[in-house]
Amino acid sequence: MRLRNIPGAREEMLVNPFIVQDPERLRGIWREEFGNNNPIRVEIGMGKGQFLLTLAQRNPDVNYIGIEKYSSVLLRALTRQEELQLPNLRLLRFDAENLETIFGEGEVDRIYLNFSDPWPKDRHAKRRLTSDRFFARYARVLAPEGHVEFKTDNVDLFEFSLAEAEACGWKLSHVTRDLHNSPDAAENVTTEYEDRFSAEGNPICRMIASR
Ligand code: SAM
């Protein structure tokens, strides 16, 4: 029986070895947790985990950390990870608002943001994962050569994110407003939301921001 069908699954998740409890204790020592010196790549708002689980299977020499705010969503990724038992993947139920409490300066090599919540009202702009507040957090935890990769089908959010990154002094590259019809399409790993929105005919936007 799958974990999500078991009564008390949420409690069981608390003792699951793939869910990191109290991630603050690993700040600055994540490579010890993985037992190697490989790069660390983080997805914020991983949802059900299709993207990160695919990457972790393809790239055993990279360590992946999936961050998701809601346990009900994270449980879907956990169920899959229990089947695959990927040693290079850890999952966290965590709010990215507090990112710097779990990662040391320069500890992360790459941050993925996929189809982040758009928070369309102006008064909620600071909650967007591509707002200046979040870019300041990313700047602190990313290695100097690290970068942020962002995908969305939401054109307004994309334009906001491009402007916000530039205003924060980040350099933009690989900017496309139609990723699936771009030269990078072949190596693109899709997310659950990406598959859904793309099937509805929405072009997918993508940018990479580095310092
Ligand atoms: N990345 C997945 C995809 O592309 O299929 C899920 C996209 S979904 C629209 C956004 C996800 O980000 C939700 O699961 C939400 O709970 C999560 N999320 C939003 N804000 C977050 C935060 N501050 N910290 C961690 N996760 C967050």
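Cut-off values and rules
Residues numbered from 1 in each chain as written. Predicted model: local features only at pLDDT ≥ 70, side-chain atom pairs only at ≥ 80, totals over all residues. Heavy atoms only, no water. Near = heavy atom within 4 Å. Polar contact = N/O pair within 3.5 Å; in protein donor to acceptor, adjacent residues only side chain to side chain. Areas by Shrake-Rupley, 256 points an atom, 1.4 Å probe, with all protein chains shown as cover. 1 Å grid on protein atoms, 1.4 Å probe; cavity = no way out; pocket = protein on both sides within 12 Å on 5 of 7 lines; lining within 4 Å. Sits in = over half its atoms within 2 Å of the grid points. Nonpolar A, V, L, I, M, F, W, Y, C, P; charged D, E, K, R; others polar. Points joined across faces, edges and corners; volume = space filled by probe spheres on them. Helix = DSSP H or I, 4+ residues; strand = E, 2+ residues; numbered from the N terminus. Buried < 20%, exposed > 50% of the residue type's maximum accessible area, 1.4 Å probe, protein only. Core = buried A, V, L, I, M, F, W, Y, C linked by side-chain atoms within 4.5 Å. Contact = heavy atoms within 4.5 Å. Pairing = 2+ DSSP bridges. Patch = residues over 30% accessible without salt bridge, like charges linked within 9 Å, V, L, I, M, F, W, Y side chains within 5 Å. Salt bridge = Lys/Arg side-chain N within 4 Å of Asp/Glu carboxyl O. Lys, Arg positive; Asp, Glu negative; His and termini not counted. Charge placed at Lys NZ, Arg CZ, Asp CG, Glu CD.

Colleague: Is there a simple way to explain the site of the ligand in this structure?
Modeller: The full set close to the ligand counts 16 residues, and G45, E68, D95, A96 and T191 are the nearest of them. D95 is positioned such that a nitrogen or oxygen atom in its side chain is 2.9 Å from a nitrogen atom of the ligand. Here T191 contributes a side-chain N or O atom positioned 2.8 Å from an oxygen atom of the ligand. Its free accessible area being 600 Å², the ligand has 92% of it covered by the protein chains. Judged by the proximity of its atoms to the pocket grid, the ligand belongs to the largest pocket. Its residues assigned to classes, the shell around the ligand comprises six nonpolar, four polar and six charged.

Colleague: I keep staring at the layout of surface pockets and nothing clicks. Help me out?
Modeller: To find the voids left in a structure, one rolls a probe of water-molecule size over its atoms. Empty space within the largest pocket amounts to approximately 640 Å³. Lining of the largest pocket is provided by 27 residues; of these, G45, M46, E68, S116 and D117 occupy positions nearest its centre. Counting residues per element, the ones that place at least two in the lining of the largest pocket are β1 (40-44), β2 (63-68) and α7 (192-199). Among the elements that take part in the lining of the largest pocket, α7 stands out by supplying three residues, more than any other. When its volume is computed, the second largest pocket comes out at roughly 360 Å³.

Colleague: How should I be thinking about unusual backbone geometry in this particular structure?
Modeller: With the exception of glycine, the majority of residues adopt a negative phi angle, and the majority of peptide bonds are in the trans configuration. Phi angles above zero are rare outside glycine, and D22 is one such case at about 45 degrees. Turning to its location among the elements, D22 is positioned in the loop between α1 (9-13) and α2 (30-34). Residue classification places D22 among the exposed positions, given a relative accessible area of 53%. One non-glycine residue, W119, lies in positive phi territory at about 40 degrees. The topology assignment puts W119 in the loop between β4 (108-114) and α5 (132-141).

Colleague: Looking at this model, I keep getting lost on the nonpolar core. Mind explaining?
Modeller: Soluble globular proteins tend to bury their nonpolar side chains together. In this structure, I44, I67, F103 and Y138 are the most contacted members of the largest nonpolar core, which totals 36 residues. Among the secondary structure elements, those contributing two or more residues to this core are α2, β1, β2, β4, α5, β5 (142-152), α6 (155-167) and β7 (205-210). Ranked by residue count, the leading element in this core is α6, at five residues. Look past the residues within four positions of I67 in its chain and what remains in contact with it is V42, E43, I44, G45, M46, L92, F94, L99, I102 and F103.

Colleague: Which parts of the structure should I look at to understand the pairing of β2?
Modeller: Side-chain positions along a regular strand alternate between the two faces of the sheet. Counting buried positions along β2 yields six of six residues, so the element is predominantly enclosed. Here β2 shows a buried face lined by N63, I65 and I67 and a second buried face lined by Y64, G66 and E68. Of the strand pairs in this sheet, β1 and β2 are connected by five bridges, and their pairing is parallel. Its bridge partner lying in β2, I40 is registered against N63. Pairing of β2 with strand β3 (residues 89-93), which is carried by five bridges, proceeds in the parallel orientation. Across the sheet, I65 pairs through a bridge with R90, a residue of β3.

Colleague: Quick question: what am I supposed to make of a positive patch on the surface here?
Modeller: The grouping of K69, K121, R123 and R127 at the surface amounts to a positive patch. By the secondary structure assignment, R123 is in the loop between β4 and α5. Note on R123: relative accessible area 64%, which makes it exposed.

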